[in-house]
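Coordinate inspection notes
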Amino acid sequence: MSLVNRRVLLVITGGIAAYKTLDLIRRLREQGAAVRAILTEAATQFVTPLAVQTLTGEKVYRDIFALTDESEMGHLRLAQEADIVVVAPATADMLAKMAVGIADDLASTALLATDKMILVAPAMNHRMWLNEATQANVARLTMRGIKCVGPNTGSLAEGETGPGRMAEPLEILSAIELLVADGPLKGRRALVTSGPTHEAIDPVRFLANRSSGKQGHAIASALAHAGAETVLISGPTAEPDPLGVRVHHVESARDMLKACEAALPVEIAVCAAAVADWRVEPAPQKIKKNGGLPVLRLEENPDILATLSRPGNLRPRLVIGFAAETENLIAHARKKREAKGCDWIVANDVSPAMSTFGSDNNTVHLIDANGVEDWPPQSKREVAASLTRRIVDFFAA
Ligand code: C5P
């Protein structure tokens, strides 16, 4: 019951995915949310107002000019008496209207009139989704702070395949929880580093580290889900920015350190990035091959984990590092915990036999002042969830 006392205004627009929205309503109510729904005219072609009314247990709103609606519940009140407004499915048409501020029916008027958080779950044919117009509209909405969940890639209603499937009801539910639920870490600030860093050799070449960012991004997402105000400092990765997390994109270790220091004070710091240990003074122009073998003079990069762990006013209460080792995992990780001064180390075996890099799975051990906990093999998401539970327990104790 994560959404007790939360009020969701659900805008259902006209797409075949609207049938899944019925399931979303059921799940929202199971979590204790009160749901009011607005249907566009087109939506009523896909789901009946009676079905929506039965599931929400509330009157369904459709017509801006219906006098009874206006006397009982004006569109402005409808828009304001919600903790979050969710548009699911959000058609290309509705996204376009929202992007430019058209208000020509009850749904679009309520969306223009609200200053509450808005979450959209786009659903449409993949060509409509990929169309520059839709992409530009979504970019505009995102810039205004509107959150977007999905769409997913898969089979579409007309027998085609591509991006455009509405996110599943459980994914939308999870996004709503992230945005409005009170998690156990509510009121706490967290900082997570993730991904590799790139150290320029010249304008086209760089030194890098083998890291997909999957583990760090999953941790940022899990902390945000637990209610922490989370900042993710990410090196270059292919991972999408997690929903509900403030993301700073950086390239080099020195930029990553600067961004971390700017994010302080925080109570929780998790350094999951594979920071390049060395950098070189970058050549201003591309180094040419005919000039003989270039010599790279390596300089040591700052150690972000050790810097954050240093005693002082700004030291986070809980600093967690990672130790990726290919041999003597526990012994090396224990030493690392002491050398860096962090509170916990998550040790993982990255020997080629474990194929941890880039994979979705991870076998880790948590090392703190009391000893070592061996965790079973888990997905990186599960490792993130387990770590977050441990963090919650730490602050509860
Ligand atoms: O020393 P090593 O790279 O093995 O330590 C790993 C841990 O230290 C990770 O938590 C990593 O994010 C952090 N680290 C860092 N800055 C560096 C090197 C490592 O924060 N320059």
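Residues numbered from 1 in each chain as written. Predicted model: local features only at pLDDT ≥ 70, side-chain atom pairs only at ≥ 80, totals over all residues. Heavy atoms only, no water.

1. Observations concerning the overall build of the protein chain
This is how the line gets drawn: A run of H or I in DSSP counts as a helix once it spans at least four residues, and a run of E counts as a strand once it spans at least two, with each numbered from the N terminus. Working definition: with a 1.4 Å probe on protein chains only, accessible area under 20% of the residue-type maximum means buried, over 50% means exposed, and in between means partly exposed. Residue contacts follow a heavy-atom distance rule, with two residues in contact if any of their heavy atoms lie within 4.5 Å. Here, Shrake-Rupley sampling with a 1.4 Å probe gives the accessible areas, and only protein chains in the shown set may cover a residue. His residues and chain termini do not enter the charge count, which takes Lys and Arg as positive and Asp and Glu as negative. The location of each charge is read from NZ of Lys, CZ of Arg, CG of Asp or CD of Glu.
Summing up its helical and strand segments, the protein chain has 14 helices and 22 strands in all. Looking at the protein chain residue by residue over its 397 residues, the buried ones come to 50%. Here the analysis covers contacts within the protein chain between residues at least 6 apart in sequence; of these, 67% occur between residues at least 24 apart. Total accessible area on the protein chain stands at roughly 19200 Å², and carbon and sulfur atoms take up 52% of it. One finds the centroid of the 43 positive side-chain charges in the protein chain at a distance of 3 Å from the centroid of its 46 negative side-chain charges.

2. With respect to the packing of helix 5 (residues 92-100) against helix 6 (residues 106-113)
To keep things clear, this is the line we draw: To obtain an axis, a line is fitted to C-alpha atoms, over the contacting stretch when the element is a helix, and the angle between two such axes runs from 0 to 180 degrees between their N-to-C directions. Every angle not falling under 35 degrees, over 145, or within 65 to 115 is termed oblique; those three ranges are roughly parallel, roughly antiparallel and roughly perpendicular. Take the far helix as the reference: if the near one is turned anticlockwise from it by less than a right angle, the crossing is left-handed, and if turned clockwise, right-handed. Under the convention adopted here, Pro, Cys and the residues Ala, Val, Leu, Ile, Met, Phe, Trp and Tyr are nonpolar, Asp, Glu, Lys and Arg are charged, and Gly plus all remaining residues are polar.
Closest axis-to-axis distance for the helix 5/helix 6 pair is 10 Å, and the angle between their directions is 40°. If you check the angle between helix 5 and helix 6, you find them oblique. The crossing of helix 5 and helix 6 is right-handed. Mapping the contact onto sequence places M94, K97 and M98 in helix 5 and A107, S108 and L111 in helix 6. Here the residues of the contact of helix 5 with helix 6 are counted per class, giving 4 nonpolar, 1 polar and 1 charged.

3. Examining the packing of helix 5 against helix 8 (residues 132-143)
Relative orientation of the contacting elements helix 5 and helix 8 amounts to 50°, with a least axis distance of 9 Å. One way to sum up the angle between helix 5 and helix 8 is to call them oblique. The two elements helix 5 and helix 8 meet at a crossing, and its hand is left-handed. Along the contact surface, helix 5 presents A92, L95, A96, M98, A99 and V100, while helix 8 presents T134, N137, V138, R140 and L141. Grouping the amino acids of the contact of helix 5 with helix 8 by side-chain chemistry returns 8 nonpolar, 2 polar and 1 charged.

4. Considerations on the pattern of salt bridges
Which entries qualify depends on this criterion: Salt bridges are defined as contacts in which a side-chain nitrogen from Lys or Arg sits within 4 Å of a carboxyl oxygen from Asp or Glu.
For the coordinates displayed, the defined rule picks out 24 salt bridges. Its salt-bridge partner being R189, residue E229 comes within 3.1 Å of it at the nearest N-O pair. Note that E229 is positioned in strand 12 (residues 229-234) and R189 in strand 9 (residues 189-194), a separation of 40 residues in sequence. The exposure class of E229 is partly exposed, given its relative accessible area of 45%. What makes R189 partly exposed here is its relative accessible area of 23%. If you follow the salt bridges from partner to partner, you end up with D23, R26, R27 and E30 in one network.

5. A closer look at a nonpolar patch on the surface
What counts, and what does not: Patches in this entry comprise residues that are over 30% relatively accessible and not in a salt bridge; like charges within 9 Å are linked, as are nonpolar side chains (Val, Leu, Ile, Met, Phe, Trp, Tyr) within 5 Å.
There is a patch of nonpolar side chains on the surface, built from I16, Y19 and F46 and spanning about 320 Å² of accessible area. Taking the relative accessible area as the measure of exposure, Y19 reaches 51% and is therefore exposed.

6. Looking at the packing of aromatic side chains
What counts is decided by this rule: Each aromatic pair joins two rings of Phe, Tyr and Trp (for Trp, the six-membered one) with centres within 6.5 Å, and gets the label stacked for planes under 30 degrees apart, edge-to-face for over 60, and tilted for any other angle.
Taken as a whole and assessed by the stated rule, the structure comprises 2 aromatic pairs. A centroid spacing of 5.9 Å and a plane angle of 90° characterise the contact between W344 and F394, whose relative ring orientation is edge-to-face. Placement of the pair is W344 in strand 18 (residues 344-349) and F394 in helix 14 (residues 380-396), with a sequence separation of 50 residues. Taking relative accessible area as the criterion, F394 reaches 31% and is therefore assigned partly exposed.

7. Focus: the domain arrangement of the protein chain
When the parts come together, some accessible area is lost, and that loss is often what is quoted as the size of the interface. Keep this limit in mind: Note that the domain bounds were set by an automatic or database domain assignment. The quantity reported as buried area is the accessible area (1.4 Å probe) lost by two parts once they are put together, taken as the sum for both. Here a polar contact is taken to be a pair of N or O atoms separated by no more than 3.5 Å, where protein atoms must pair a possible hydrogen donor with a possible acceptor and residues adjacent in sequence count only if both atoms sit in side chains.
Domain assignment breaks the protein chain into domain 1 (7-180) and domain 2 (189-396). Between domain 1 and domain 2, the C-alpha centre-to-centre distance is 37 Å. If you look at the interface, domain 1 gives 5 residues, while domain 2 gives 4 residues. Both sides of the domain 1 and domain 2 interface together cover about 460 Å² of buried area, and 76% of this is carbon and sulfur. A per-residue breakdown of the area domain 1 buries against domain 2 is headed by K147, S174 and L178, which together make up 73% of the total. For the pair domain 1 and domain 2, the number of links is 0 salt bridges. Taken together, the links from domain 1 to domain 2 amount to 0 residue pairs in polar contact (both at pLDDT 80 or more). Sorting the residues of the side of domain 1 that touches domain 2 by element identifies strand 6 (147-148) and helix 9 (169-180) as the ones contributing at least two each. Considered class by class, the residues forming the side of domain 1 that touches domain 2 number 3 nonpolar, 1 polar and 1 charged.

8. Looking at the site of the ligand
Our working rule: Throughout, near means a residue has at least one heavy atom within 4 Å of the molecule or strand.
Close contacts around the ligand come from C271, A273, V275, D277, P302, D303, I304, L305, G321, F322, K336 and K340, and that covers them all. Taking A273, its main chain carries an N or O atom lying 2.6 Å from an oxygen atom of the ligand. In the environment of the ligand, an oxygen atom lies 2.8 Å from a nitrogen or oxygen atom belonging to the backbone of L305. Look at the ligand: alone it shows 440 Å² of surface, and the protein chains cover 85% of it. Of the residues in the shell around the ligand, the class split is 7 nonpolar, 1 polar and 4 charged.

9. Some remarks on the side chain of E177
Tracing the sequence through the fold places E177 in helix 9. The side chain of E177 is buried and forms no salt bridge, while R27, the nearest opposite charge, is found at 9.6 Å. In this structure, E177 is in contact with S2, L3 and Q31, ignoring residues within four places of it in sequence.

10. Considerations on the nonpolar core
For clarity, the threshold we go by: Only buried residues count toward a nonpolar core. Its members are Ala, Val, Leu, Ile, Met, Phe, Trp, Tyr and Cys residues joined through side-chain atoms within 4.5 Å.
Ranked by size, the top nonpolar core spans 33 residues in total, and within it L10, L28, V86, L119, I172 and I176 carry the most contacts. When contributions to this core are tallied by element, the ones reaching two or more residues are strand 1 (7-12), helix 1 (18-30), strand 2 (34-39), strand 4 (84-90), strand 5 (117-122) and helix 9. For this core, the element with the most residues is helix 9, which contributes 6 residues. In contact with I172, not counting residues within four places along its chain, are L24, V86, A88, L119, A121, V149, M166 and A167. Of all hydrophobic cores here, the second largest spans 32 residues; its members include V192, A226, L232 and W375.

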